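Examining the three-dimensional arrangement
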Amino acid sequence: MNKNGIYIGIALIIGLLAGYFIFGTNNASVQQEKQNHPEEEITKVMWTCSMHPQIMQEEPGDCPICGMDLIPAETSAEGLAADQFKMTENAMALANIQTTIVGENQSDSQNIITLSGKINENEEKNAIQASYFNGRIEKLSINYKGQEVKKGQKLATIYSPDLIAAQQELITASSLKESQPQLYRAVRNKLKLWKLSEKQIKAIESSSRIQEKFPVYATVSGTVAEVMSAEGDYIKQGQPILKVSNLTTVWAEFDGYENQISQLKKGQKITISTNAYPNKQIETTISFIDPILNTNSRTTTIRAVLNNKDQMFKPGMFVVGKVTGTETTTKNIIVPSSAVLWTGKRSVVYVKTDPNTPIFEMREVVLENTTGDTYTILNGLNNGDEIVTNGVFTVDATAQLQGKKSMMNKKGEDIVKRHENHVDITVSKSFQQEFLPALVPYLKMKDALIQSDNKQVTVFAKTMLAILKKSNTSDLGKMEKEFFIKSWDMLENITKKEALEDQRAYFVTLNENIVKLISGFNNLETTFYIQKCPMANTNKGAVWISTEKEIRNPYFGEAMLTCGSVIDTIN
């Protein structure tokens, strides 16, 4: 072997030894580091949609179905009970999930009753401006609603044959006043009863000239509420010409439902707000409660008098009143309506089981009637339980992803497609037959909302309302009647609103009640799909009815046309 071969072999051995000490030692160090700090290993995060949990992506972004921001999917959590699941702090923050401890100071709690109503004229301050003699209106000086009228202002000019004859009598009696004073006084008094002033009477006497057309003057100041006659009309003595309202005070009149009447008293404080002045609240008291119940709407009128010297309130303006009801004497727990997901015969809330860790579980609850924006929990929660009050739908989606009990997954297995109502609904076959035709204009109204066509929304709402007014509700139970009446009420509000946003807001409540009603229908020839958008109703979620599975969102129209999913099928 020559020297060159020996040198090459020695160099190869040295290189192998050097590589071992350098790279082998480093690899061993890395492995040792991983063993010492296993929590620093990089895990692969999957991203999903809270509305469409079937979407799973390796990177954040938008949901390909509804366009919502994707949230981190939960990884497996060990050491939890069978029905519990855990969320990350990041997911909690992204979904703005908020919780509230219920039952604190429950014995001192009070019910807040929310009433809807509108501003009306104070009828005690209304005055009718009438004609005091027969005649024909030659000119109407005040001729449209809303005009301001001052006391003593000329309202109209009237041609009156009777008044012409009375003037002739005055001129004749004036020449005989010394010999026949009683006749003279009788003629003058007759003209005074017709509201001619002393000055006018003296002018007729002194001039001996007959005036053919006489002015009619306002006896009060105010705003014209109604024009009741027109130029050229022949009117009789006492027939109204104008209705004048003094709007320095107005009535705020609300509809109080049967289940609220017991908590409303005359003299009770009420806080009133309007859409026109959302940041201004007016404190006043209930001045009147109608003793007679409206048998059609099952409501009674609740009234409060408002000072309106600055003309802030306009008759016809919608208002909301909040009344503090009687103190809660039971041990029932009151929760915000945003905390409850109703799914048929079940109503559920999500409880945070650990105060320091975002661990949740679904809890079924039994509800009483809603009062304003709250539910009374009869069973299922305890004082001190911490429940989710905002972002409930996201928490529910997380439960579905992890195969836990959820709104639509009662057993914690595959997600069920059946939506049920949280109360048992029973309706007769005859009522179903009368109610079903109303769903035809309803579906057209829903399509008009999708197209953002507010005029057509009004047209179809009126059509649906007309059908409901003909329905016989005598065989409905108390609860079913409440759903029916509330639907009626919401339709009336939709017909009165021109703004699309307001129509959609009332459409939310309309659907809540109609969906509950038709959940009791059976043997239908048409399949109805109950669909839900979690972002509607200021992220509280809202449902609607469709005859097609395809999602076409009436709450956002083209802006978010496909946001939503089918949560129930009724057939």
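Structure: see above.
This structure is a prediction, so every number in the text was calculated from the model and none was measured. (Residues numbered from 1 in each chain as written. Predicted model: local features only at pLDDT ≥ 70, side-chain atom pairs only at ≥ 80, totals over all residues. Heavy atoms only, no water.)

Another aspect to go through is the overall build of the protein. A count of helical and extended segments in the protein gives 13 helices and 28 strands. Scored against the burial criterion, the 571 residues of the protein give a buried share of 44%. (Helix = DSSP H or I, 4+ residues; strand = E, 2+ residues; numbered from the N terminus. Buried < 20%, exposed > 50% of the residue type's maximum accessible area, 1.4 Å probe, protein only.)

Spatial ordering of the open sheet is given by S7-S14-S12-S9, a layout of 4 strands whose pairing is antiparallel. At either end of the open sheet lies a strand with only one pairing partner, and these are strand S7 (126–130) and strand S9 (148–149). In this sheet, strand S12 (residues 222–227) lies alongside S9 in antiparallel orientation, the contact comprising 2 bridges. Counted as the bridge partner of Glu-148 is Thr-223 from S12. (Pairing = 2+ DSSP bridges.)

A word on the pairing of strand S26 (residues 528–533). Successive residues of a regular strand alternate their side chains across the two faces of the sheet. Judged by how many residues are buried, S26 sits mostly within the fold: 6 of 6 residues are covered. Examined bridge by bridge, S26 and strand S28 (residues 565–570) share 5 bridges and lie antiparallel to one another. Residue pairing for S28: Tyr-529 is matched across the bridge by Thr-569. Across 5 bridges, S26 lies against strand S27 (residues 542–546) in antiparallel orientation. Looking across to S27, one finds that Lys-532 is bridged to Val-543.

Attention now goes to the sheet that holds S26. The strand order across the open sheet built from 3 strands is S27-S26-S28, with neighbouring strands paired in antiparallel fashion. Where the open sheet ends on each side, the last strands, each with one partner, are S27 and S28. On average, each strand axis in the sheet is tilted by 25° relative to the strand beside it, whichever way the strands run. Of the strands in this sheet, S26 and S27 touch helix H9 (residues 439–450), which is tilted by about 120° from S27. (Axes fitted to C-alpha atoms, helices over the stretch in contact; angles between N-to-C directions. Contact = heavy atoms within 4.5 Å.)

Next up on the list: helix H3 (residues 161–175). Taking 1.5 Å of rise per residue, 15 residues should cover 21 Å, and H3 covers 22 Å from first to last C-alpha, within 8% of that figure. Buried within H3 we find Leu-163, Ala-166, Gln-167, Leu-170, Ile-171, Ala-173 and Ser-174. Packed against the buried residues of H3 are helix H4 (181–193), helix H5 (198–207) and strand S11 (213–217). (Expected span 1.5 Å × (residues − 1).)

Let's shift gears to the pattern of salt bridges. Evaluated as defined, the whole model comprises 13 salt bridges. Notably, a salt bridge pairs Arg-188 with Glu-205, separated by 2.4 Å at the nearest N-O pair. With Arg-188 in helix H4 and Glu-205 in helix H5, this pair connects stretches of sequence that are 17 residues apart. For the pair shown, Arg-188 and Glu-205 are each scored as buried. (Salt bridge = Lys/Arg side-chain N within 4 Å of Asp/Glu carboxyl O.)

Across soluble globular proteins, nonpolar side chains show a tendency to be buried alongside one another. In this structure, Phe-435, Tyr-442, Met-445, Leu-510 and Ile-514 are the most contacted members of the largest nonpolar core, which totals 50 residues. Mapped onto this core, the elements with two or more residues apiece are helix H8 (429–435), H9, helix H10 (454–469), helix H11 (478–496), helix H12 (500–518), S26, S27 and S28. By residue number, the principal contributor to this core is H12, which donates 9 residues. Those residues within four positions of Leu-510 in sequence are excluded, and the remaining contacts are Tyr-442, Met-445, Ser-487, Met-490, Leu-491 and Ile-494. Counting 28 residues, the second largest nonpolar core, distinct from the first, contains Val-187, Trp-194, Leu-196 and Leu-242. (Core = buried A, V, L, I, M, F, W, Y, C linked by side-chain atoms within 4.5 Å.)

Despite not being glycine, Gln-311 has its phi angle at roughly 60°, a positive value. With respect to the helices and strands, the residue Gln-311 is situated in the loop between strand S18 (299–307) and strand S19 (318–327). Positive phi, close to 60°, is recorded for Ser-452, a residue that is not glycine. For Ser-452, a relative accessible area of 36% puts it in the partly exposed group.

Direction vectors running N to C along H9 and H12 enclose 140°, while the axes themselves pass 12 Å from each other. By the angle class used here, H9 and H12 are oblique. As for the relative orientation of H9 and H12, their crossing is left-handed in sense. Two secondary-structure elements touch here, H9 through Leu-439, Tyr-442, Met-445, Lys-446 and Leu-449 and H12 through Leu-500, Gln-503, Arg-504, Phe-507, Leu-510, Asn-511 and Ile-514. Grouping the constituent residues of the contact of H9 with H12 by class yields 8 nonpolar, 2 polar and 2 charged. (Parallel < 35°, antiparallel > 145°, perpendicular 65-115°, else oblique. Left-handed = near helix turned anticlockwise from the far one by under 90°. Nonpolar A, V, L, I, M, F, W, Y, C, P; charged D, E, K, R; others polar.)

Below, the discussion takes up the environment of Ala-448. With respect to the helices, strands and loops of the structure, Ala-448 is situated in helix H9. What makes Ala-448 buried here is its relative accessible area of 7%. Taking the C-alpha atoms as reference points, Ala-448 and Thr-458, 10 residues apart in sequence, are found 9.3 Å from one another. Contact partners of Ala-448, with chain neighbours within four places excluded, come to Asp-453, Gln-456 and Val-457.

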